[in-house]
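Examination of the molecular architecture
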Amino acid sequence: MTDCLREPAFMVGEIDENINLCLPPTSGEEYIKRVVIEAHQCAAIMVADINEKHYRKPTIDVEPLLGCMEVPSWLDCTLDWQQCQVSDFSNIRLYISQLKNEIQTSKRKWKSPQFDLPDMNDQNGWIKFCLGQYKEMITIPTLNIVFCLNQPMVEQILEYLVEYIRTQKKIEYELGQWMYALLVVLEVPLTPDMCFCLRSLARTCSIIRANSKTLEVYEIGALNLFICLVARYFRQLDMADP
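Residues numbered from 1 in each chain as written. Predicted model: local features only at pLDDT ≥ 70, side-chain atom pairs only at ≥ 80, totals over all residues. Heavy atoms only, no water.

Moving on, we get to the overall build of the protein. Regarding its fold elements, the protein presents 9 helices and 0 strands. Looking at the 242 residues of the protein, the share that counts as buried comes to 35%. Of all intrachain contacts in the protein linking residues separated by at least 6 positions in sequence, the fraction that spans at least 24 positions is 70%. Summed over its atoms, the accessible surface of the protein is roughly 16700 Å², and 53% of this surface lies on carbon and sulfur atoms. (Helix = DSSP H or I, 4+ residues; strand = E, 2+ residues; numbered from the N terminus. Buried < 20%, exposed > 50% of the residue type's maximum accessible area, 1.4 Å probe, protein only. Contact = heavy atoms within 4.5 Å. Areas by Shrake-Rupley, 256 points an atom, 1.4 Å probe, with all protein chains shown as cover.)

The biggest cluster of nonpolar side chains holds 50 residues, and the ones touching the most others in it are Leu-161, Trp-178, Met-179, Leu-182 and Leu-183. Only α3 (79-104), α4 (123-130), α5 (142-146), α6 (151-168), α7 (173-185), α8 (192-211) and α9 (217-233) provide two or more residues apiece to this core. (Core = buried A, V, L, I, M, F, W, Y, C linked by side-chain atoms within 4.5 Å.)

By the definition in use, this model includes 8 aromatic pairs. Taking the centre distance of 6.1 Å and the plane angle of 65° together, the rings of Phe-129 and Trp-178 count as edge-to-face. Note that Phe-129 is positioned in helix α4 and Trp-178 in helix α7, a separation of 49 residues in sequence. Judged by its relative accessible area of 0%, Phe-129 falls in the buried class. A residue is classified by how much of its surface remains accessible, and Trp-178, at 1% relative accessible area, is buried. Ring pairs connect the aromatic residues Phe-89, Tyr-180, Tyr-233 and Phe-234, which therefore count as one cluster. (Phe/Tyr/Trp six-rings, centres within 6.5 Å; stacked < 30°, edge-to-face > 60°.)

Residues spaced three or four apart along an α-helix point in a common direction, a consequence of the helix completing one turn every 3.6 residues. For α4, every residue scored as buried is listed here: Gly-125, Trp-126, Ile-127, Phe-129 and Cys-130. Phi turns positive one or two residues past the end of α4, at Gly-132, with a value near 75°.

Our focus in this paragraph is the pattern of salt bridges. For the structure on display, the rule yields 4 salt bridges. In this structure, the salt-bridge partner of Lys-170 is Glu-172, at a minimum N-O distance of 3.9 Å. Using a relative accessible area of 39% as the deciding quantity, one classes Lys-170 as partly exposed. Judged by relative accessible area, Glu-172 falls into the buried class, the value being 17%. Across the salt bridge formed by Arg-199 and Asp-238, the nearest N and O atoms sit 2.8 Å from each other. Within this pair, whereas Arg-199 is found in helix α8, its partner Asp-238 is found in the segment after α9, the two being separated by 39 residues in sequence. (Salt bridge = Lys/Arg side-chain N within 4 Å of Asp/Glu carboxyl O.)

So, on to the packing of α7 against α9. Between α7 and α9, whose axes approach to 11 Å, the crossing angle comes to 20°. Viewed along their axes, α7 and α9 adopt a mutual orientation that is roughly parallel. The way α7 lies across α9 gives a crossing that is left-handed. Across the interface between the two elements, Tyr-173, Gly-176, Met-179, Tyr-180 and Leu-183 from α7 touch Tyr-218, Leu-225, Phe-226 and Leu-229 from α9. Split by residue class, the contact of α7 with α9 holds 8 nonpolar, 1 polar and no charged. (Axes fitted to C-alpha atoms, helices over the stretch in contact; angles between N-to-C directions. Parallel < 35°, antiparallel > 145°, perpendicular 65-115°, else oblique. Left-handed = near helix turned anticlockwise from the far one by under 90°. Nonpolar A, V, L, I, M, F, W, Y, C, P; charged D, E, K, R; others polar.)

In this section: the packing of α3 against α7. Think of two packed helices as two axes; the pair is described by the angle between the axes and how far apart they sit. Packing of α3 against α7 leaves a shortest axis separation of 9 Å and a crossing angle of 65°. Viewed along their axes, α3 and α7 form a crossing whose handedness is right-handed. Contacts between α3 and α7 involve Phe-89, Ile-92, Arg-93 and Ile-96 from the first element and Tyr-180, Leu-183, Val-184 and Val-185 from the second. Per-class residue counts for the contact of α3 with α7 are 7 nonpolar, no polar and 1 charged.

Here the protein averages 81 in pLDDT, and 79% of its residues register 70 or above. Between the elements of the protein, mean pLDDT differs from a low of 60, seen in helix α1 (residues 3-6), to a high of 94, seen in α6. Ignoring residues within four places in sequence, the model shows residues 135-139, a span with pLDDT below 50, making 6 contacts including any to other chains. (pLDDT = per-residue confidence, 0-100.)

This part takes up the environment of Lys-169. With respect to the helices and strands, Lys-169 occurs in the loop between α6 and α7. Judged by its relative accessible area of 56%, Lys-169 falls in the exposed class. When the C-alpha positions of Lys-169 and Cys-205 are compared, they lie 8.2 Å apart, and in sequence the two are 36 residues distant.

Residue position: Gln-236 is located in the segment after α9. The buried category is assigned to Gln-236, whose relative accessible area is 12%. At 3.1 Å, the side chain of Gln-236 forms a polar contact with the backbone oxygen of Phe-234. Every residue in contact with Gln-236, bar those within four places of it in the chain, is listed here: Leu-190, Cys-195, Arg-199, Val-230 and Ala-231. (Polar contact = N/O pair within 3.5 Å; in protein donor to acceptor, adjacent residues only side chain to side chain.)

As structure tokens, this is what we get:
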């Protein structure tokens, strides 16, 4: 099969190796002869001579994205506990999915709560909203609000919350509720951006857990829970606690 590829496509006759390549070819046949001569002058393997002095050194430091930090012995969560959390989370996602389907098919009545959402580009507005700093948030359950969000909004708010938690190095109780509710309605398979976001969440939780000397009970539970869900439900298994 490959032998036919080695056969010449054009018969150009005898080639004068002493032809003056500085002069333009006078015919198509002479042009092809020049191509053959130049091809013979090329080495079979070409290696570029790279002068590293012309390369500038990086002007920014790129921090390697490592996995989760090891869980302190006094905060260890058992594998049975992790499997129980994943099972409960999976059941809630299934229930919510069925509930949304019933609402969409008019099998269940649901009245959308009346409130104004922050603009999607307003990160600080969403942080305040999720922290319950708006009066109307006092009486509106988090899940009702989540039902009003489409998937791009869910992903954007998750990114806002993860970035806020990373910079503040703590998880407020209200943000923990929001994070869980958003993860419940987060669609799979994950987009690359969302995969990065969730891994950042688990990594941040592990850093807070490892570096904090005093943690409230709800904080310990939230940190362990989010690491567990990212690793074992959303299949980022390299970040899982033992």
